[in-house]
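# What the coordinates show
For reference, the chains in residue letters:
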Amino acid sequence: MTSSAPRLTTTSWSLLMLLGLIWGGSFFFARIAVLEVPPFTLVLLRLSLAALALHIYLRGRFGLFATLRSHWREFAIMGFINNALPHTLIFFGQTEIGAGLASILNATTPIWTVLIANRWTADEKLTTAKMVGCLTGLAGTAVLLGPALMSAAHAPLWALSLPVLAAICYGVAGTFGKRFRQIPAPVTATGQLTASSLMMLPLALLADQPWTLPVPSTTAILAILGLALISTAFAYLLFFRILTLAGATNTSLVTLLVPPSAILLGALFLGERLALTDMVRLVLIALGLLVLDGRILEATGRSRRSRHSS
């Protein structure tokens, strides 16, 4: 028998909004840091500093080391498809394209997640509401970043394709990550970050020889710390908590929130103006999220049925 699909509760929505806000800053941090630090080394610093922070935070609690030993294969797979590979793809892409364009290409994640979850899971099957919601939200994101998309004509195809490949990785990872439901979110986050850090270490050492690189500026160092501690360590605590509560498809909606959150952060902290057209575009994204949530459509259906029966 097919189990019921996970739903977004008020708690899940709150955590999703917070995660979108945090990851909205990750493309900004990465764009600053990648100008001074090569992508492989930047990925290593992001993952290893985040893993170290979580190890200090946990201090072996929740059966951390026993779980790492018993589930090391799963953590290695998750670390590769959710951290090492997609982060590397995005950072290499950002050597040629801006943060806004990278974020919208990455916002295709919900569509890939819907398709992958439909194939691999029993409780997250493809529905019309899911596809309409994903496409509506993606359309709003595209309109929101229209000027950035216009610049895509001047960007190399390989740079444009890398964030999309990363989005596919995240779709696979969100579905694969459902198997960690019985493991506390901090342990899952620490396990995958530890595994992916070990993967990136030899690659960064061989490819970049980081000991030969100039010392980054203070701005770049602060961007790396923000990327590692806020947009990775803390963000993955939220990510795996939401994944446990709401499932892969609902969790992937965070990528639709990333571009608008970046614009809102700019309006709040950088003095950038939020125009009326931006508000309309944000409403379009919100509409896509509400369609995916399903409750409005269900209420409409119930209303129609009650009118027909009366």
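Just above sits the structure.
Quick notes on the rules
- Residues numbered from 1 in each chain as written.
- Predicted model: local features only at pLDDT ≥ 70, side-chain atom pairs only at ≥ 80, totals over all residues.
- Heavy atoms only, no water.
- Phe/Tyr/Trp six-rings, centres within 6.5 Å; stacked < 30°, edge-to-face > 60°.
- Helix = DSSP H or I, 4+ residues; strand = E, 2+ residues; numbered from the N terminus.
- Buried < 20%, exposed > 50% of the residue type's maximum accessible area, 1.4 Å probe, protein only.
- Lys NZ or Arg CZ within 6 Å of the ring centre and 35° of its normal.
- 1 Å grid on protein atoms, 1.4 Å probe; cavity = no way out; pocket = protein on both sides within 12 Å on 5 of 7 lines; lining within 4 Å.
- Points joined across faces, edges and corners; volume = space filled by probe spheres on them.
- Patch = residues over 30% accessible without salt bridge, like charges linked within 9 Å, V, L, I, M, F, W, Y side chains within 5 Å.
- Areas by Shrake-Rupley, 256 points an atom, 1.4 Å probe, with all protein chains shown as cover.
- Salt bridge = Lys/Arg side-chain N within 4 Å of Asp/Glu carboxyl O.
- Axes fitted to C-alpha atoms, helices over the stretch in contact; angles between N-to-C directions.
- Left-handed = near helix turned anticlockwise from the far one by under 90°.
- Contact = heavy atoms within 4.5 Å.
- Nonpolar A, V, L, I, M, F, W, Y, C, P; charged D, E, K, R; others polar.
- Core = buried A, V, L, I, M, F, W, Y, C linked by side-chain atoms within 4.5 Å.

## Looking at the packing of aromatic side chains
One pass over the full model with this rule turns up eight aromatic pairs. Measuring from ring centre to ring centre gives 5.3 Å for phenylalanine 75 and phenylalanine 180, while their planes differ by 0°; the resulting arrangement is stacked. Of the two residues, phenylalanine 75 is situated in helix H5 (residues 72–93) and phenylalanine 180 in the loop between helix H10 (157–176) and helix H11 (185–208); the sequence distance between them amounts to 105 residues. The same class applies to phenylalanine 75 and to phenylalanine 180, which are both buried. Measuring from ring centre to ring centre gives 6.1 Å for tyrosine 236 and phenylalanine 240, while their planes differ by 35°; the resulting arrangement is tilted. Of the two residues, tyrosine 236 and phenylalanine 240 both sit in helix H12 (residues 218–252), four residues apart, roughly one turn of that helix. Phenylalanine 240 carries the same exposure label as tyrosine 236, and that label is buried. Linked through ring pairs, Trp23, Tyr236, Phe239 and Phe240 together constitute an aromatic cluster. Sitting over the face of the ring of tyrosine 57, arginine 61 holds its NZ or CZ atom 5.3 Å from the ring centroid.

## A closer look at empty space enclosed by the protein
In this structure the tally under the stated criterion is two cavities of 30 Å³ or more. Put simply, the largest cavity is a space of about 300 Å³. Surrounding the largest cavity, 23 residues form its lining, Trp23, Asn106, Tyr170, Tyr236 and Thr255 being those nearest its centre. Mapped onto the lining of the largest cavity, the elements with two or more residues apiece are helix H2 (26–33), H5, helix H7 (109–120), H10, H12 and helix H13 (254–269). Tallying contributions element by element places H12 first for the lining of the largest cavity, with five residues.

## Structural notes on a nonpolar patch on the surface
Side chains of Val215, Ile221, Leu222, Leu225, Leu229 and Ile230 sit close together on the surface and give an oily, nonpolar patch of about 550 Å² of accessible area. If you trace the backbone, isoleucine 221 turns up in helix H12.

## Concerning the packing of H5 against H11
Orientation of H5 relative to H11, taken along the N-to-C sense of each, is 65°, at an axis distance of 8 Å. Here H5 runs over H11; the crossing is right-handed. For the pair H5 and H11, the contacting residues are Phe75, Ala76, Met78, Gly79, Phe80, Asn82, Asn83, Ala84 and Thr88 in the first and Val187, Thr188, Gly191, Gln192, Leu193, Ala195, Ser196, Met199 and Met200 in the second. For the contact of H5 with H11, a count of residues per class yields 10 nonpolar, eight polar and no charged.

## Re the nonpolar core
Within the largest apolar cluster, 68 residues are counted, with the highest numbers of intra-cluster contacts made by Leu19, Trp23, Leu42, Phe239 and Phe240. Ranked by residue count, the leading element in this core is H12, at 13 residues. The residues contacting tryptophan 23, other than those within four sequence positions of it, are Arg46, Ser231, Ala235, Tyr236, Phe239, Val254 and Val258.

## Details of the environment of tryptophan 112
Inspection of the secondary structure puts tryptophan 112 in helix H7. Separated by 58 residues in the primary sequence, tryptophan 112 and tyrosine 170 have C-alpha atoms spaced 8.3 Å apart. In contact with tryptophan 112, other than residues within four places in its own chain, are Val164, Ala167 and Ile168.

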